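# Structure assessment
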Amino acid sequence: MAVQERELPANEVLLEVKDLRTQFFTEQGVVKAVDGVSFTIKKGKVLGIVGESGCGKSITALSIMRLLPEPRGKIVSGTITFYPPEGGSVDITRLDRHSAEMRRIRGRHIAMIFQEPMTSLNPVHTIGDQIIEAIQLHQDVDKETARKRAIEVLNQVDIPHPERRINEYPHQMSGGQRQRAMIAMALSCYPSILIADEPTTALDVTIQAKILRNMRDLQRQYGMAIMLITHDLGVIGQMADEVLVMYVGRKVEQADVRELFLNPLHPYTQGLFRSIPLIGLKGKKLVPIAGSVPSPYNLPPGCYFAPRCPRAMDICRQEAPAEYEVEPGHFVSCWLYK
Amino acid sequence: MAAFIGRRFISMLITLVLVSVVGFIVINLPPGSYLDVYRAQLMVLGTSTAEQQIKALEKRYALDKPLYYQYLKWITGFVRGDFGRSFQYNREVSELVWNRLGFTVVVSVCSLVFSWIVALPIGIYSATHKYSAADNIFTFLSFIGLSIPSFLIALVLMVISSRYFGMSVGGLFSRAYENAPWSWAKLVDFLQHLWIPVVVVGLADTAGLMRVMRGNLSDILSMQYVQTARAKGLPERVVIYKHAVRNALHPLIMNLGMSLPGIISGSTVVSIVLSLPTCGPLYFNALRSQDMFLAGTFLVFMAIMLVIGNFLADIALAMVDPRIRYE
Ligand SMILES: Nc1ncnc2c1ncn2[C@@H]1O[C@H](COP(=O)(O)OP(=O)(O)OP(=O)(O)O)[C@@H](O)[C@H]1O
Ligand SMILES: [Mg+2]
């Protein structure tokens, strides 16, 4: 195995996001897609991010990658500090997104895979060419070595006959295989962080389970961190070490995965758990969260969840709650825990 | 790829046969063909050879035989280069068309290349700098280009080049070289005349091509795989040219296949205005005066160009898009 060994202390912080605010400037007004979110990504850990559609999960990821459709959408404040393996630190928000420095981080140190496996590979280039392109971009190797590495990494993501498949085009592969190829491409440069934006949402359940297990294995093997975006709490339970729950651009709760599943604190998190079927909780009635997500152009004052919250108090409708650390490492933004 | 080309080639041949049949029927459609007119003229003249001449013509075109026989006779002649006779000019069609075909192809191909060379970079720039000042200016210019008829541009350019540059305008040669054999001086003279029709004919397509390229490319730029390419850390230039432009070329290549027949019939009005010795005006006249073999020859030639154009476009498409190759 050619994985580079890095001597890093456990729990080392690779990425630190502080009070990130990302906004879209549209004709109808400003959309606060990410509104003051903070978290850290630690070496060898999987950070899960959950939340309903539109709560800003993808935009958080794209902010880190600096792939926002600027100038329409941009980071307006906050810091994203990346600690490269060679030492030092760099604030990604301050880099020019086209600069060589940002491009070295993108793909080399932080790789990303997307939700839509059917469209995330270029139809006119072979799988091999697309992976080899990434390898040769970031590593000083000849084409033959890059090709060997591409076959190796395709093999690692369980694509059969990689030496043959490498010459195929995306349309010759199934959705699951394409997503595996995407993962292979992301891993090809030994990134320290893999951002996976709903990597299996578009796939059927059995393939989803296989790919997730494979990702988990490779994550351990490569010793990398994963930021896993999903709206599926089942996936979170299977994959994550730590979980961050988002609602309309804000972080509402953050905890260790066991702690969150055993003891969800925020009424929104509790609602999420009540609204999905979870193994082991058979016989419980499923209750969807009442009401709907507020329009980003017309947000209520105070806590954004207050209008839907069964336990809302007067203050909830007036003032946004601060973040409280209820247990060590268990954070919640809710007036109930003041 | 070879199998793909083979399959396309066979279907191209079949199409050509069908087209020649239709072409022949069209030639024979007008009641009272030119031959009848010709016969009447000869009768009136009452020369002793009239009867013989008409007999010869009837024999040549097998007019006394059934239609399918006439077709076979015509088509076997056609492939050997005997396109029949133009009654209007009283000359063999082949004598009339080859020269003009040559000039037409030169003018059309040059203007095609001109419009692609101008339109593609502008389209790419506009798509990647949407709503910038330059993009807005190009958009404005392209709408003007789309709405001004090209013969008007031809007239304006003629006036400018004759008044301010003292050049002889119209035609493809100065009078002195018109019937001279080819020489360096004649070639230079030809090139000096060529640019006006090339620019005029080319501009007509440039505006449209620019808009199509801008639209395609901006669609493609919003595709997920373009984001994937960026996420790899590729420079924006590589993202655009390697991952986006190639996918944006599809409709243009298809369009190119369709525009090949235009190379022959192309821009008749401009050719008339600029008095170019190209096919357009000749075809136009042939149609007006029911000069059936002349018109039919052009018709078949255009069909051939269309079929060949589509054949080439298919191959080009297959080269840029593996999905078509493996269908
Ligand atoms: N290009 C854009 N222009 C304007 N607003 C946008 C744009 N992209 C995203 N947004 C807004 O940003 C907010 C967050 O979107 P985001 O894509 O991050 O949601 P998400 O949590 O990833 O949802 P999903 O689960 O559907 O992927 C949404 O309110 C969305 O409307
Ligand atoms: Mg998303």
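Residues numbered from 1 in each chain as written. Chains lettered and ligands numbered in written order. Predicted model: local features only at pLDDT ≥ 70, side-chain atom pairs only at ≥ 80, totals over all residues. Heavy atoms only, no water.

### Some thoughts on the confidence of the model for chain B
Detail in the predicted coordinates should be disregarded across regions flagged by low pLDDT. All names here are of chain B. What counts is decided by this rule: A score from 0 to 100, pLDDT tells how confident the predictor is in each residue. The secondary structure listing takes helices from DSSP runs of H or I that are at least 4 residues long and strands from runs of E that are at least 2 residues long, numbered from the N terminus.
On average, residues of chain B score 83 in pLDDT, and 93% of them are at 70 or above. Across chain B, the element-wise mean pLDDT spans from 70 in helix H2 (residues 34-45) up to 96 in helix H9 (residues 224-231). Across the whole predicted complex the pTM is 0.83, and at the interface the ipTM reaches 0.90.

### A short note on the pattern of salt bridges
Residues and elements named next belong to chain A. Stated precisely, the cut-off is as follows: Each reported salt bridge corresponds to a side-chain nitrogen of Lys or Arg within 4 Å of a carboxyl oxygen of Asp or Glu. Throughout this description, buried means an accessible area under 20% of the type-specific maximum (1.4 Å probe, protein chains only), exposed means over 50%, and partly exposed covers the range between.
Within the structure shown, the criterion is met by 22 salt bridges over all chains. A salt bridge links Asp-91 to Arg-94, with the shortest nitrogen-to-oxygen separation between them at 3.5 Å. Classification of Asp-91 by relative accessible area gives buried; the value is 17%. Among the residues examined, Arg-94 registers a relative accessible area of 70% and is labelled exposed.

### With respect to the site of ligand 1
Residue and element names in this part refer to chain A. Filter applied, for reference: Definition of nearness: a residue and a molecule or strand are near each other if at least one heavy atom of the residue lies within 4 Å of the molecule or strand. Nitrogen and oxygen atoms within 3.5 Å of one another constitute a polar contact, given that in protein one can donate a hydrogen and the other can accept it, and given that sequence-neighbouring residues count only through two side-chain atoms. Using a 1.4 Å probe, accessible areas were evaluated by the Shrake-Rupley method; residue-level cover was limited to the displayed protein chains. Throughout this entry, Asp, Glu, Lys and Arg are counted as charged residues, while Ala, Val, Leu, Ile, Met, Phe, Trp, Tyr, Cys and Pro are counted as nonpolar. The remaining residues, Gly among them, count as polar.
Neighbouring ligand 1 are 14 residues, the closest being Ser-53, Gly-54, Lys-57, Ser-58 and Ile-59. A distance of 2.7 Å separates an oxygen atom of ligand 1 from a polar atom in the backbone of Gly-54. Within the contact set of ligand 1, an oxygen atom lies 3.2 Å away from a backbone nitrogen or oxygen of Cys-55. A total of 630 Å² of accessible area belongs to ligand 1 in isolation, and the protein chains cover 71% of it. Only strand S1 (13-26), strand S2 (29-42) and helix H1 (57-65) provide two or more residues apiece to the shell around ligand 1. A total of three residues in the shell around ligand 1 trace back to one element, the largest contributor, which is H1. Residues that form the shell around ligand 1 fall into these classes: five nonpolar, five polar and four charged.

### Quick look at a positive patch on the surface
Residues and elements named next belong to chain B. This is how the line gets drawn: Each patch groups residues whose relative accessible area exceeds 30% and which form no salt bridge, using 9 Å between like charges and 5 Å between nonpolar side chains of Val, Leu, Ile, Met, Phe, Trp and Tyr. Charge counting treats Lys and Arg as positive and Asp and Glu as negative, with His and both chain ends excluded. For charged residues, the charge sits on one atom: NZ in Lys, CZ in Arg, CG in Asp, CD in Glu.
Taken together, Lys-59, Lys-65, Lys-73 and Arg-80 make up a surface patch of like positive charges. For Lys-59, the location among the structural elements is in helix H3 (residues 50-60). Its relative accessible area of 65% is what places Lys-59 among the exposed residues.

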